Amino acid sequence: MSAPAIIGTDLNLAAALLEAGKLVAIPTETVYGLAGNALDTAALAQIFLVKGRPHFDPLIVHIPDVHSVELYASAFPEQARALAAKFWPGPLTLVLPRKNIIPDLVCAGGPSVALRVPNHPLTLELLRKSGLPLAAPSANPFGYISPTRPEHVAAQLGNRISYILDGGPCDIGLESTVVSFAGPKPEILRLGGLAPERIREVIPDISMSLRQSSNPIAPGQLDKHYAPKTKLVLTGNIRQYLSQHKLPQQTALLLFHHGVPEWPSDAQMILSPQGTTAEAAQHLFACMRALDQAGFALILAEQAPETGLGPAINDRLLRASFQETST
Ligand code: TXA
Ligand code: MG
């Protein structure tokens, strides 16, 4: 497809396109998704193609409510039910043993499927109206920064999809937290829009298995992710870093809360004027994109505090800063 995608709020059109096997970008509270019918292998193949995503990286299936879990998962353990009851619809993905109705392409041929009820009124309505489970990775080219506004999707994938459902800017701004119940004990696989302490309210002793690659034969391969084209360096102490390093003239600062008065004001962005990790998360990807497009030679980013959504923000910044040449 080469005509630019239409951006709009027509749910009937979006549902009709999905039923016809086409791809539609959907808003969620976390990031925009690149959605296709999760039971249609041709649509799934198209998702991997448009995104440039390797087939070993499995997709999340979006469902309208908790009752749909039993259609796609062969087991729904008590603790997973408790998380779903507390946090769905919301920024939480549950990995559960799959039923055979789920095509291999969704779960990279593995024994589990990732399910999520997103918390966005338009997408919930679309899921109900179409009656389709929607497989949707974040709607960005593989490895790049995730989109949190419809314009972000249009700028990068606009010529390759049929329709972008406009749900405005995303409330949370980070992908969902992924919790797996596919192994012997529950594990957090990806930090995201639901803080780990919220999950510990339900499962106090849950463990984390974060750096795990989806590809068992190439662990670590997915380390570089969420990455701008511009080189990004991450520091825990911005003032110390500035005093100890000679930086290229065109260096932009990506700051958590406080500006740096002696730095040009048009070369710094503040993630959270209020100083909260939730606000910083909401702005993170849009700020990274804006700095990436402004033509700076370097982005120097400051870590967020390690509370609330801070660890998830720092995870994204760390992966964005990863250098392919480093070991
Ligand atoms: O917030 C989100 O999760 C967004 C919106 C659109 O819902 N989606 C998203 O999808 O971030 P994606 O494809 O960019 O990330 C999906 C993550 C990947 O880290 C993938 O490895 C993991 O979920 N995943 C999917 N299925 C899995 C499975 N069966 N087992 C383990 N991890 C799985
Ligand atoms: Mg993604």
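This is a predicted model, so every value here is computed, not measured.

Criteria and thresholds
Within every chain, residues take consecutive numbers counted from 1 along the sequence as written. To read the labels, note that chains go from A and ligands from 1, taken in the order they are written. Since the coordinates come from a predicted model, pLDDT governs what is reported: local features require at least 70, and pairs of side-chain atoms require 80 or more to be given and counted, while whole-chain, interface and lining totals use all residues. In computing side-chain values, all of the structure's heavy atoms are included and hydrogens and water are not. Helix and strand definitions here come from DSSP, where helices need a minimum of 4 consecutive H or I residues and strands a minimum of 2 consecutive E residues; each element is numbered from the N-terminal end. This radius of gyration counts C-alpha atoms alone. The globule rule is 2.2 Å times how many residues there are, raised to the power 0.38. The contact rule is simple, with two residues in contact once any of their heavy atoms fall within 4.5 Å. Here the accessible surface of atoms and residues is derived via Shrake-Rupley with a 1.4 Å probe, and residues count as covered only by protein chains that are part of the display. When charges are counted, neither His nor the chain ends are considered; positive counts come from Lys and Arg and negative counts from Asp and Glu. In this description, the location of a charge corresponds to atom NZ of lysine, CZ of arginine, CG of aspartate or CD of glutamate. Any residue with a heavy atom lying within 4 Å of a molecule or strand is counted as near it. Within 3.5 Å is the distance limit for a polar contact, defined as a pair of N or O atoms, with the added protein rule that one can donate a hydrogen and the other accept it, and that residues adjacent in sequence qualify only through two side-chain atoms.

A. Broad picture of the overall build of the protein chain. The number of helices and strands found in the protein chain is 10 helices and 15 strands. Over its C-alpha trace the protein chain gives a radius of gyration of 20 Å, about what one expects of a compact globule, namely 20 Å for 327 residues. Once the C-alpha set of the protein chain is aligned to its principal axes, its extents read approximately 60 × 50 × 40 Å. Sequence-distant contacts, at least 24 apart, represent 67% of the contacts inside the protein chain between residues at least 6 apart. When the accessible surface of the protein chain is summed, it comes to about 14,000 Å², and 53% of that surface belongs to carbon and sulfur atoms. Of the side chains in the protein chain, 25 bear a positive and 27 a negative charge, and the two mean positions are spaced by 4 Å.

B. The arrangement of the site of ligand 1 in detail. The full set close to ligand 1 counts 21 residues, and Thr 30, Arg 53, His 62, Ser 176 and Arg 190 are the nearest of them. Within the side chain of Ser 138, an N or O atom sits 3.1 Å from an oxygen atom of ligand 1. Protein burial of ligand 1: of its 680 Å² of free accessible surface, 88% is covered by the chains. When contributions to the shell around ligand 1 are tallied by element, the ones reaching two or more residues are strand S4 (60-62), strand S6 (112-116) and strand S10 (187-190).

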